[in-house]
Each structure stands twice: as structure tokens, then as C-alpha cells.
Amino acid sequence: MKLATLKNGFRDGRLVVVSRDLGRAVDAAPVAATMQDAIERWSTVEPLLRARYDALNAGTLPDAFAFDPAQAAAPLPRAYQFVDGSAFSNHGDIMERAYNLSVKKTPGVPILIQRQGDDFRGPRDDYAFPSEDDNGDFEGEFAVILDDVRMGVNAADALDHVKLVTIFNDVSMRAHLFRELAMGFGFIQAKPATVFAPVAVTPDELGDAWRDGRVHLDMQVERNGGWFGHPNGGEMDAGFGELIRHLAYNRNLGAGTIVGSGTVSNKNYREVGSACLAERRAIETIDHGEPRTPFLRFGDRLRFDVKGGDGQSVFGAIEHRFVAARQGDTA
């Protein structure tokens, strides 16, 4: 099943069911008015939403309409909790090698950081940036949306709480990152608003590509129409089950919690490229002694997409442009 949220002038938008080919949609009301409502009552509404999904794909719903990703907000426009991981160790290894970093890691302990969940961006929205001097960057990632998770859940049972899967661009401002890390706390200015794909899907939509709590599909990334990389999500060192287990060790997780994978990165990066500027710049530093690829510039266009075995987009593409912030804009 595929779900999206359309903008309607209210913060939580309007939940719709989207066809498998992403071409058509139908209102989810009166089953569930918003994505948060659906996630909180998932066991009750899922069969009813799935019935509408099946009918939509069969072409039997007279109230269906064309789905326009440009009208989509993030599938969950705001979240009570958003936690991002760093589950692809290859990404960190490249950064440490390039810049002679010494990072203390505990074997078997996933890396997670609390993020902001009140300002998600839609997949086709222009992204306002304060200054090019912020060294804007992108990071292609996978994410899962959970229902209620009880404290102490094990990794296997944790996957039963994954109700939806999607992708996002974890925008970064690299100029602020090392300063904030040196202060010994979390990111604030280094991690502004996140951009999500138009659609979130139930794990069964991924077929065999969803296994071991990982999405075994390529993250296809373009900058200004040119190929940037297509690393595969199956190379996560800790799967989503392990990330959720670690997060829920000493707390309950409320329905609507989003957990991110971290930047998708593969060990054969020379063949598959990267999903983030910082990684490519680090590789260039290793190879040439200095980075050669510039950070984001105003007017740059980015595209993130994931295609299934049938060659069709699974979540719909993120396609957005970076622009100069005007007075009153948020970054």
C-alpha cells in the first residue's frame, strides 16, 4: 500500500491513498484524515485503507484523481520524534580516513542522533538557504515510520512496528558541523529541515527487497541532471530492527516516530558513487589531496529516486531546487 499527504492549508495535510504506479490517488477520508491519525490507529484502519488501495489499482473508484507530487507534503508532515542513524559504516570510514579523524565507537552499538520533526519539506518544494557560505550538502537516506513501540523491544519484534518506509534528503550545512561537534553536544545549525519523498509505502510493497530490516534497492542521486551515485541500501551495518531496539532500550516510542538510516554508502563507492557531497569530497581528498566538488550553490537541482525490480519508482522522486532565502524565509 502507498500513502501520501497532500497540502490543504493545514499543518497535517490531507491523507490520500496512491496507486502502485503513482499515477492516481483517492482520499483516505473517512477512514483516516491524516497520516498521524492512521499510524495511531493502524490495526483498525490498515484493512480499510488497503481495500481502497486495491480498488484504486483495479480502477473501480469513481472519485480517484491524478496524483501530483508537486502538491505533496512530506508523507508525515511533522513528527513527535525523528531520530537519524549512521548505519552505513563505510560513510564514516571514508570521512575518518580523509580527515584523520579519531572517532570512538562501541562495537554493536548503533549511532543515533535526535533530530527536529516540526519542519519537514515536501518533495518538490524549493529549499531556501541563508547563504552559500553555509556549505550546503545533501544526504540520501531511507526511513521507517513506526507505530507504538514498547520499551525493551528486541530487534526481531521491532520490525513488526515498521508500518511505512520512505526516503529523504537529510540536508546539511557543513560549515557549522565541526564547530557544533567540538562543543560536545548535538547538531543544530548543521542540520536544518529535512526533505521527504512524496510517498511512503508498506514494507510488503518492497517485496524481496525488504529483508533483515534493510531496503536492498539503489538510492539514485542526481545533481543538476547528472549522475552522482546509486549506492544500495542493503549494506546497512545495523538494520532498522537494531536501530529501533537500541532507541527503545529505555523508553517507549510513540506512533509516528521516524527513524532514518544515515547516508547510504557502499564499499565499492568507486563504481556506485555516493549519496552525499561530503563523502565525494572526502574521496577526492584521499585521491588528490583536496576536494574538487563544490558544495551546493543557489539554483542547484537535486533528484533522489529508488526504483523497484519492475523499474518503476517506489516512493516517487524528490526533485527540489536550492534558492537564496528571502527575509522571513526559514532555512
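Look up: the structure comes first, before these words.
Residues numbered from 1 in each chain as written. Predicted model: local features only at pLDDT ≥ 70, side-chain atom pairs only at ≥ 80, totals over all residues. Heavy atoms only, no water.

Student: So what about the pairing of strand 17 (residues 226-229)? Which residues, and what values?
Tutor: The sheet contact formed by strand 16 (residues 220-223) and strand 17 spans three bridges and is antiparallel. Paired with Arg-223 across the bridge in strand 17 is Gly-226. Connecting strand 16 to the next strand, strand 17, in antiparallel fashion are two residues, including Asn-224 with a positive phi near 50°. (Pairing = 2+ DSSP bridges. Helix = DSSP H or I, 4+ residues; strand = E, 2+ residues; numbered from the N terminus.)

Student: Summarise a nonpolar patch on the surface; cite the residues concerned and give the values.
Tutor: On the surface, Tyr-99, Leu-101, Val-103, Phe-178 and Leu-181 cluster together into a nonpolar patch covering about 430 Å² of accessible area. Tracing the sequence through the fold places Leu-101 in the loop between helix 3 (89-99) and strand 6 (112-115). (Patch = residues over 30% accessible without salt bridge, like charges linked within 9 Å, V, L, I, M, F, W, Y side chains within 5 Å. Areas by Shrake-Rupley, 256 points an atom, 1.4 Å probe, with all protein chains shown as cover. Salt bridge = Lys/Arg side-chain N within 4 Å of Asp/Glu carboxyl O.)

Student: Residues and numbers for helix 3, please.
Tutor: When we look at burial in helix 3, the residues that qualify are Asn-90, His-91, Gly-92, Ile-94, Met-95 and Ala-98. Check the buried side of helix 3 and you find it contacts helix 7 (269-272) and helix 8 (277-288). Positive phi shows up at Asn-100, right after helix 3, with a value of about 50°. (Buried < 20%, exposed > 50% of the residue type's maximum accessible area, 1.4 Å probe, protein only. Contact = heavy atoms within 4.5 Å.)

Student: Tell me about the packing of helix 3 against helix 8, residues and numbers included.
Tutor: The contact between helix 3 and helix 8 brings their axes to 9 Å, and the two run at 40°. Between helix 3 and helix 8, the angle is such that the two are oblique. Pair helix 3 / helix 8 crosses with left-handed handedness. Residues His-91, Ile-94, Met-95, Arg-97, Ala-98 and Tyr-99 of helix 3 form the contact with helix 8, whose own contacting residues are Ala-278, Glu-279, Arg-281, Ala-282, Ile-283, Thr-285 and Ile-286. (Axes fitted to C-alpha atoms, helices over the stretch in contact; angles between N-to-C directions. Parallel < 35°, antiparallel > 145°, perpendicular 65-115°, else oblique. Left-handed = near helix turned anticlockwise from the far one by under 90°.)

Student: So what's going on with the pairing of strand 9 (residues 140-146)? Residues and values would help.
Tutor: Two faces, one strand: in a regular strand the side chains alternate between the faces of the sheet. Most of strand 9 is tucked away: seven of the seven residues are buried. The sheet contact formed by strand 9 and strand 10 (residues 162-169) spans seven bridges and is antiparallel. Bridge pairing in strand 10 places Val-144 opposite Val-165.

Student: Let's hear about helix 5 (residues 174-182): which residues, and what values?
Tutor: Among the residues making up helix 5, those that are buried are Arg-174, His-176, Leu-177 and Glu-180. Buried residues along helix 5 cover an arc of 140° about the axis, so they all sit on one side. Against the buried residues of helix 5 lie strand 8 (136-137), strand 11 (172-173) and helix 8. Looking at the residues trailing helix 5, positive phi occurs at Gly-184, about 80°. (Arc of directions from axis to C-beta.)

Student: Give me the pattern of salt bridges: which residues, what numbers.
Tutor: All chains considered together, the criterion is met by 25 salt bridges. Residue Arg-115 is joined to Asp-84 by a salt bridge in which the shortest nitrogen-to-oxygen separation is 3.7 Å. Placement of Arg-115 in strand 6 and of Asp-84 in strand 5 (residues 82-85) is noted, with a sequence separation of 31 residues between them. Residue Arg-174 pairs with Asp-137 through a salt bridge whose shortest N-O separation is 2.7 Å. Taken as a pair, Arg-174 in helix 5 and Asp-137 in strand 8 lie far apart in primary sequence, 37 residues in all. There is no split in this pair, since Arg-174 and Asp-137 are both buried. Sharing partners across several salt bridges, the network here consists of Asp-84, Arg-115, Asp-137, Glu-139, Asp-170, Arg-174 and Lys-191.

Any link to function would need more than the numbers given here.
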